[in-house]
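Geometric and topological summary
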Amino acid sequence: MSTILDTKGFNCPIPVLKARRAMRELAAGGELTVQATDPASMIDFPHFCNTTGHELVSSSEQDGVFTYVIRKADA
């Protein structure tokens with residue numbers, strides 16, 4: 001299952017805080033796709049995954065929109 005979280009227009013730390021909340025709702029192995037416009041998210045989301053154990057599956061940028069796919073860690 002994949003969930004999309006639109007955090008465009010929000011600045012640090014709001015995108016990560018919203019992602020943290022959304023991850024709680026996912027089952028282990030579920031994926032969250034986050035869309036953000038804050039350039040700091042390029043640092044924030046890898047750090048978020050490193051500190052929580054979630055997997056950053058992919059990250060990309062197109063026309064100022066950063067997209068991150070994060071897989072929830074097993075319990």
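Conventions and cut-offs
Residues numbered from 1 in each chain as written. Predicted model: local features only at pLDDT ≥ 70, side-chain atom pairs only at ≥ 80, totals over all residues. Heavy atoms only, no water. Salt bridge = Lys/Arg side-chain N within 4 Å of Asp/Glu carboxyl O. Helix = DSSP H or I, 4+ residues; strand = E, 2+ residues; numbered from the N terminus. Buried < 20%, exposed > 50% of the residue type's maximum accessible area, 1.4 Å probe, protein only. Pairing = 2+ DSSP bridges. Right-handed = clockwise from strand over helix to strand, strands pointing away.

Scanning the entire structure with this criterion turns up three salt bridges. In this structure, Glu31 engages Arg71 in a salt bridge whose closest nitrogen and oxygen atoms are separated by 2.6 Å. Of the two residues, Glu31 is situated in strand β2 (residues 31-36) and Arg71 in strand β4 (residues 65-71); the sequence distance between them amounts to 40 residues. In this structure Arg71 comes out as partly exposed when scored by relative accessible area, which is 29%. Each of the salt bridges in this network shares a partner with another, and the network as a whole consists of Glu31, Glu55 and Arg71.

Here we come to the pairing of strand β1 (residues 2-6). Pairing of β1 with β2 involves five bridges; the strand directions are parallel. The partner of Ser2 across the bridge, within β2, is Glu31. Crossover β1 to β2 through helix α1 (residues 14-24) is right-handed.

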